[in-house]
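# Survey of secondary and tertiary structure
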Amino acid sequence: MATLTYILLLGLQQLVLGFECKRDVLEELTIEKQLLHDLLKCGYANYDPPKGPNAEKTVVTVKFILKYFNLYSTEEVLNLYAWRLMSWNDDRLKWDPASYGDLEEIELKSGGVWTPTFKIFNSANGDDIDKFYVLSCTLKHTGAVSCGPRSSHLLYCDIKLSDFPYDAQTCNFVYGVLDPNDSYNVSFPPRAMGMSGAEYGSSWFISDYKQEVQKVPDTRLNITLVIEREAESLAAIIVYPALIVSSLSIACLFLDARLNERLMFTCFSIFSNCYWLRELVANLPKLREDPPRILLYYRASLVITMFILILTLILSVMCRKETPPHNIVILMNKFVYGSYVRFLVYPRWEFPDDGKFNEDWTKFANSINSLCIKVIVFSYIGLYVAFVPQPIPFN
């Protein structure tokens, strides 16, 4: 019996509190509705910008909170997704909280009050007006209005891929007032775009941020973003293999040209060059006029390896020649192997006694091979400096 009485009393209490809460909510909604009617009744024009106490222009403060971004290198556009936080004072919307049940803050639709209009000067869309649809804004009894619409900005960005995959792109976001009558001013904080971790995208990240506010002829915000590519995975399949195939090509020259192993190893090096060149082309952004420098390195490496193949065949035939060498060949051998120049000849192939190879021709082929090693090594060093991109230093 005591338990049943307790349950009945508890239910009665909740019923009374529920009616009281509902009555409070209805009362507050009625007050808010009356307030909105009094503020927006005849005389308020939502197309007319507010003025200050001394009829000065109102100042609109704008800040962006970046949520995420996408950089499309093929289309040369940058898509920014951000919240635009705007605040200003409208003295026409002030009220005395004591007259409205101590109500100090309300929410209202942006379509009922004046809101500023802005323009994107480097928009990639056909419409460069940064508009937003009806949303809720916060209004305080002091006349302070604040709105935070979400917006997507599609911007032109000049893409340069010469340093691919260690490339960094510089993109601008030029934002300003769309007001031909110059009826209000706009203000931007020292850091007009907050990141809050959004500077890291799927395959890009924002490494640098610069901001400039232009006052003449109108107020414009120019944000410069330096966006770097996440290159670790691409470097593993593009840059590092370039060094490996170069080492393979150079290693071919240290094998004996008279043996079939060198010919087979050189063919394998050509196959490796072609394979990784195909991998590079598969991972390159398409429809670009400026080819990456690493592509030129692969092409040059393929040409050098083809030269090594031809050199190998020529040297192999030369060593097997049965005709006596020309006097110039004999003089060259005496000059090279009879002076300190002989220390530069490396490697030196062994000369068997089976009579298959001519000694003078073999020595001459050895000298040519040694000279080609030095020329090709220095050529690869020059190609590496000129065409292989380096990681961007971390600042």
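Presented here is an overview of the structure given in this document. Predicted, not measured: the structure shown is a model, and the values here were computed from it. (Residues numbered from 1 in each chain as written. Predicted model: local features only at pLDDT ≥ 70, side-chain atom pairs only at ≥ 80, totals over all residues. Heavy atoms only, no water.)

## What to know about the packing of aromatic side chains
- The tally for this structure, following the rule as stated, stands at 14 aromatic pairs.
- Seen in terms of ring centroids, W114 and Y184 are 5.1 Å apart; in terms of plane orientation they differ by 75°. Their pairing is edge-to-face. Of this pair, W114 sits in the loop between β3 (105-109) and β4 (118-120) while Y184 sits in the loop between β9 (168-177) and β10 (185-187); the two residues are 70 residues apart in sequence, bridging distant segments of the chain. In this structure, W114 and Y184 share a single accessibility class: buried.
- An aromatic cluster is built from F64, F118, F173 and Y175, whose rings are joined through pairwise contacts.
- The ring of Y209 has R191 lying over it, and the distance from NZ or CZ to the ring centre is 3.8 Å.
- Sitting above the plane of the F121 ring, R220 keeps its charged end 3.7 Å from the centroid. (Phe/Tyr/Trp six-rings, centres within 6.5 Å; stacked < 30°, edge-to-face > 60°. Helix = DSSP H or I, 4+ residues; strand = E, 2+ residues; numbered from the N terminus. Buried < 20%, exposed > 50% of the residue type's maximum accessible area, 1.4 Å probe, protein only. Lys NZ or Arg CZ within 6 Å of the ring centre and 35° of its normal.)

## Quick notes on the state of the cysteines
- Going through the model one piece at a time under the given rule, you end up with two disulfides.
- Between the sulfur atoms of C137 and its disulfide mate C147 the distance is 1.9 Å. In this structure the cystine formed by C137 and C147 twists about its S-S bond by roughly 115°; its chirality is therefore right-handed. Of this pair, C137 sits in strand β6 (residues 136-140) while C147 sits in strand β7 (residues 144-147); the two residues are 10 residues apart in sequence, bridging distant segments of the chain. Residue C137 shares its accessibility class with C147, and that shared class is buried. (Disulfide = S-S within 2.5 Å.)

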